[in-house]
Amino acid sequence: MLLKATSAMPWTASPSPSVVRKRLELLGAAESGRVTSVVRYARDSSFPEHGHPLGEEIFVLGGDASGEGNGCFSDQTGDFGPGWYILNDEGFAHSPFSKEGCTIFVKLKQYSGKKTVRIDTNDEGNWKPTGPGVSICELFRDQEGGLSDEMDLVRIEPEAEMTVPPQPNGLELFVTKGGLDVDGSLVLDKGTWLKHESTTEPTRLRSSLPSAPVTVYVKKAHLTPAPEGNL
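Residues numbered from 1 in each chain as written. Predicted model: local features only at pLDDT ≥ 70, side-chain atom pairs only at ≥ 80, totals over all residues. Heavy atoms only, no water.

If you look the protein up in an unreviewed UniProt entry, it shows as Cupin_7 domain-containing protein from Durusdinium trenchii.

Rendered as structure tokens:
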């Protein structure tokens with residue numbers, strides 16, 4: 001199990017002087033391996049043009065550089081404020097920027113499909129109930145064959161519970177709002193990332209706050225080291 005609380009991690013430099021990051025996991029070389037990070041763009045910041053072998057996955061956490069406000073993450077495909085989910089296919093290239101600053105959750109080299117996704121999770125029309133007090137915004141499903149990735153944003157109301165079946169090919173959780181109780185024995189605050197390479201028992205998820213729901217990114221996938229290549 002890997003567990004990282006981003007609130008306790010320092011910001012570190014990136015190739016752009018106006019962009020900093022907190023690496024949650026890195027497999028491979030520093031600027032060309034498979035990586036999961038929280039990234040912060042300062043106001044009027046940009047990143048040099050680069051490609052994405054094996055794809056890119058982004059969830060916009062907050063607007064300005066402090067993680068609050070309504071600033072956007074932007075590139076040639078549009079402007080995306082807090083709550084937007086972005087999945088870029090293998091080989092996608094862009095020069096991202098932010099006029100007001102933003103904070104994003106990013107996964108690189110962990111998607112080899114050809115489907116491009118843009119989902120506004122603020123739109124209640126994108127959510128569907130799956131049980132009492134539990135709703136899911138589906139971010140990606142394997143529609144091409146051969147991909148095992150399954151990504152969701154899950155919202156659990158106070159007193160409700162969601163059970164994730166055993167995941168022999170891996171389970172990742174990242175808390176985007178509120179606090180998460182995992183199996184009644186582990187509490188994850190907002191911005192905390194948890195990864196299991198494999199789970200053999202069901203995982204029970206609840207809000208750790210008695211009067212507030214929790215929203216959590218959930219990925220169920222088989223994760224293998226990615227080949228080298230420029231980001």
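This next bit is on the packing of aromatic side chains. Applying the stated rule across the entire model yields four aromatic pairs. Here the aromatic rings of Phe80 and Trp84 are separated by 5.4 Å at their centres, their planes lie at 65°, and the arrangement is edge-to-face. Since its relative accessible area comes to 5%, Phe80 is described here as buried. Looking at Trp84, the relative accessible area reads 23%, which means it is partly exposed. Taken together, the ring pairs connect Phe105, Phe174 and Tyr217 into an aromatic cluster. The ring of Trp11 has Arg40 lying over it, and the distance from NZ or CZ to the ring centre is 4.6 Å. In this structure, Arg155 is placed above the aromatic ring of Trp127, and the distance from its NZ or CZ to the ring centre is 4.3 Å. (Phe/Tyr/Trp six-rings, centres within 6.5 Å; stacked < 30°, edge-to-face > 60°. Buried < 20%, exposed > 50% of the residue type's maximum accessible area, 1.4 Å probe, protein only. Lys NZ or Arg CZ within 6 Å of the ring centre and 35° of its normal.)

Another point: the pairing of strand β22 (residues 192–196). In terms of burial, β22 is a largely internal element, five of the five residues being buried. Every second residue of β22 is oriented toward a common face, with Thr192, Leu194 and His196 on one face and Trp193 and Lys195 on the other, all of them buried. Direction of pairing for strand β1 (residues 2–5) relative to β22: antiparallel, over a ladder of four bridges. From the neighbouring strand, Leu3 faces β22, where its bridge partner is Leu194. Direction of pairing for strand β19 (residues 171–177) relative to β22: antiparallel, over a ladder of four bridges. Note on β22: the bridge partner recorded for Phe174 is Trp193. (Helix = DSSP H or I, 4+ residues; strand = E, 2+ residues; numbered from the N terminus. Pairing = 2+ DSSP bridges.)

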